[in-house]
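Listed below, chain by chain, are the residues.
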Amino acid sequence: MKHQNHYLYFQKQILLMIFLSLIPGIVYVVFGYIYDVFLPAILWYVAVWMTALYGVILYIWFATHKMEESELSRWYKHLIAFMYIIFLLWTVIFMLYSTEVKHHLHYIAIFTQLGASVVASALLFSERKIFIPILLILMLPLIGYFFLVATWYGYVLSLFSIIFLGVLIYASNNTYMLIQKNYYHAQHDALTGLYNRRYYMEYMQFMLDRLALNHKKAYILLIDLDYFKSINDSLGHDMGDKVLQEVASRIKNTCELSHFIARLGGDEFIVVSKDIDQEEYAQQKVIGYAENLLAILKEPYIIDGQHLYLSASIGVSQIDTNFSHSNNFLKEADIAMYEAKKAGRDGVITFSKELEESVNNTLVIKQKLYNALHDKKIYLNYQVQVNKNQEAIGCEVLARWDDDDLGIVPPDSFIPIAEKTGLIIELGAYILLETFKTIDEWHERGLKIAYISINISVRQLFYSTFIEEIESLMQQYVHPKNTIKIIFEITESILVSDVEKVTDIMLRLKALGIIFSMDDFGTGYSSLSYLRNLPIDELKIDKLFINHLLESETDKTMVRTMLSIAKNFSLNVVIEGIENEEQFIFLSQYHCDVFQGYHFSKPLSKEKFEERYLIKM
Ligand code: C2E
Ligand code: MG
Ligand code: MG
């Protein structure tokens, strides 16, 4: 693929060549008229005009069309033909006038032929395919002419012309090589030899204009290697470079014929499709293509005798200039790629409007959450937990956020964001404080409840002052005579961290009187060994298993198995997500202590919860 500027340069030369042919051409016609070679001269000049017309058509074609590669290469072939013809015409006029010795016209013919050669080497040097043959077309007749003069000075001039031809070819070739090298470096990434980011941007700008003009579509694949940093860190940058080269060569071998490929930097590559007709575009096909590429990138790498395994996350986005957002295609591919990373890496995700909304939503939540916490827009709900006799014995504290613009934001949306941004420390502290205040208030008012469960996120648990914080809350708000049991619900995600450290923290909290419950049991890293190692008191079976309990034999078996595991490990069991009587009846035949779900009550405000479950009339 040639640089766009290359074509642009040649397009400009068309006009120059037309000018340089038509103006001096008039002189030949006039001489032809004076010295009786008018007919051949005028025929020649008509041919020049027709060629000039051909040139103008080529010029306009280029100026008004945003051509894709195949059309561009067709145009370029015509351009080469134009250059051949126009210089060939100069050789024709040379042949015609070089024999007009009587009127000394041969001097003019010789000079123009030399001039044309200089012009050819000066204007056409950036394309070897053109300038070498054209110089030969111009100079060989001249060399032959001098030779045929058959005098000593004729032979000398013939020899000099050969040397002159050699010098012109040498000079043009040198400039050509230099230009090629500069072009190459300006366009390519030094490490992988793929196109670089700068050229990618130029290419895309041109492509977008072209797609808009031709009403076509394209797609891009943004490829980011997974955990590439760890290769650099553990095996060194040399190894990292070799891996990148191998990755680049795999992408090239797979996509080169039908795609534009560039390395955007680091371990990020981009693959852009050719222009596709609107009707031909099939998302499923693109995903299939990306998945195939992913499979190729995942094949083992053997570099310097080491076996390496890599995967990548690929974001796919469509370039459709009919939609205003088409200019954001890279951002869109980026969003999709990050989504693939979030979904566990090693996958392909296609950008969609919904995805964009969810990302924007996350952004808005991120921005608003901080203020929400400070403006006390976060409050707590309490969801009852009952025993087999459906008597309220406990509650789970659930955070709520009522935003003026967003409405009620579910904790599933804002808690993970708070965890990511670190705000969970402050948010968690606030939730704990409010909960402990409630515990104290209920005790003061004589409202009795056996358990209260609080969700604690991993980051919170690991926070340096967490234990001291709990200790101080216990001292301040839990009266020695208060019999309430405080349960901390943690999730299996805790297991990705240092299990010994978790155990230590949990044991220290247990010493303060805290009980631990494994929330959403069965949905995470369900490794049974942690049940043995971690000081857990309770399993909370997730609503995922309850949703289709009655219809699904598998879910029934799962729940039965989890219940028997709990029994074997002497753990208390809470089942959450019970939405109807049938589920409750089915579950109550097993060893299960506590039930929670909409069937008994949805989470309630503090006042409503007190009214319904605590204040006995
Ligand atoms: P979780 O701890 O598993 O909480 C149970 C979720 O299930 C709650 O959703 C509750 O309203 C919902 N639920 C209870 N019974 C039913 C039912 O019968 N059917 C259905 N469909 N849902 C039921 P919620 O309040 O939206 O909380 C979602 C998650 O957000 C919680 O899951 C918990 O992981 C997190 N979360 C909530 N509050 C806090 C908090 O204060 N701190 C932390 N770290 N996480 C919290
Ligand atoms: Mg919970
Ligand atoms: Mg849960």
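See the structure above.
Residues numbered from 1 in each chain as written. Chains lettered and ligands numbered in written order. Predicted model: local features only at pLDDT ≥ 70, side-chain atom pairs only at ≥ 80, totals over all residues. Heavy atoms only, no water.

> What am I meant to see in the coordination of the magnesium ion (ligand 2) here?
Ideal donor angles around a metal are set by the shape: a four-donor tetrahedron calls for 109.5 degrees, a six-donor octahedron for 90 or 180 degrees. Those donors, Glu396 (OE), Asn455 (OD1), Glu489 (OE) and Asp519 (OD), are the protein atoms that reach the magnesium ion (ligand 2), and they lie 1.9 to 2.2 Å from it. For the magnesium ion (ligand 2), the donor residues sit on a single chain with the sequence spacing E-x58-N-x33-E-x29-D. The metal-metal distance between the magnesium ion (ligand 2) and the magnesium ion (ligand 3) is 4.0 Å, with aspartate 519 serving as a donor to both. Of this pair, glutamate 396 sits in strand S10 (residues 392-403) while asparagine 455 is found in strand S12 (residues 451-455), placing the two residues 59 residues apart along the sequence. Glutamate 396 gets classed as buried once you look at its relative accessible area, which sits at 3%. On the basis of relative accessible area, asparagine 455 is assigned to the partly exposed category, the value being 30%. (Donors = N, O, S within 2.8 Å, 3.2 Å for Na, K, Ca; no water. Helix = DSSP H or I, 4+ residues; strand = E, 2+ residues; numbered from the N terminus. Buried < 20%, exposed > 50% of the residue type's maximum accessible area, 1.4 Å probe, protein only.)

> I would appreciate a short explanation of the coordination of the magnesium ion (ligand 3) in the present structure.
The coordination sphere of the magnesium ion (ligand 3), as far as protein atoms go, consists of Asp519 (OD), Asp520 (OD) and Glu576 (OE), spread over 2.0 to 2.3 Å. Sequence positions of the donors to the magnesium ion (ligand 3) reduce to the motif D-D-x55-E.

> When you look at the packing of aromatic side chains in this model, what are you seeing that I'm missing?
Aromatic rings considered in pairs are described by the distance between their centres and by the relative angle of their planes. Scanning the model with the defined rule gives 36 aromatic pairs in all. Ring centres of tyrosine 9 and phenylalanine 10 lie 5.5 Å apart, and the angle between their planes is 80°; this geometry places the pair in the edge-to-face category. Pairing phenylalanine 131 with tyrosine 176 gives two aromatic rings, centres 6.3 Å apart and planes at 70°, and the pair type is edge-to-face. Here the residue phenylalanine 131 occupies a position in helix H5 (residues 128-149), and tyrosine 176 occupies one in helix H6 (residues 152-187), the gap between them amounting to 45 residues. (Phe/Tyr/Trp six-rings, centres within 6.5 Å; stacked < 30°, edge-to-face > 60°.)

> Help me out: how do you make sense of the site of ligand 1 in this one?
Neighbouring residues of ligand 1: 22 residues in total, closest Asn455, Asp519, Lys543, Glu579 and Tyr598. Within the contact set of ligand 1, an oxygen atom lies 2.9 Å away from a side-chain nitrogen or oxygen of arginine 400. Relative to its free-state accessible area of 790 Å², ligand 1 is covered by the protein chains to the extent of 88%. When contributions to the shell around ligand 1 are tallied by element, the ones reaching two or more residues are S10, helix H13 (411-421) and strand S14 (514-521). Counting residues per element, the shell around ligand 1 draws most heavily on S10, at four residues. Considering only residue class, the shell around ligand 1 consists of eight nonpolar, five polar and nine charged. (Near = heavy atom within 4 Å. Polar contact = N/O pair within 3.5 Å; in protein donor to acceptor, adjacent residues only side chain to side chain. Areas by Shrake-Rupley, 256 points an atom, 1.4 Å probe, with all protein chains shown as cover. Nonpolar A, V, L, I, M, F, W, Y, C, P; charged D, E, K, R; others polar.)

> What's the story with the side chain of histidine 6 in this structure? I'm lost.
For histidine 6, the location among the structural elements is in helix H1 (residues 4-34). At a separation of 2.8 Å, a polar atom in the side chain of histidine 6 contacts the side chain of tyrosine 76. Ignoring sequence-local partners within four residues, the contact set of histidine 6 consists of Tyr76, Ser126, Glu127 and Tyr183. (Contact = heavy atoms within 4.5 Å.)

> Help me out: how do you make sense of the packing of helix H14 (residues 424-444) against helix H21 (residues 606-614) in this one?
Any two packed helices are characterised by how steeply their axes cross, that is the angle between the axes, and by the distance between the axes. Where H14 meets H21, the closest approach of the two axes is 13 Å, and the angle between their N-to-C directions is 40°. Considering the angle they form, H14 stands oblique to H21. The two elements H14 and H21 cross, and the hand of that crossing is right-handed. Residues Thr438, Glu441 and Trp442 of H14 lie in contact with H21, whose contacting residues are Lys606, Phe609, Glu610 and Leu614. Residues of the contact of H14 with H21, tallied by class, amount to three nonpolar, one polar and three charged. (Axes fitted to C-alpha atoms, helices over the stretch in contact; angles between N-to-C directions. Parallel < 35°, antiparallel > 145°, perpendicular 65-115°, else oblique. Left-handed = near helix turned anticlockwise from the far one by under 90°.)

On their own, these measurements won't tell you what the molecule is for.
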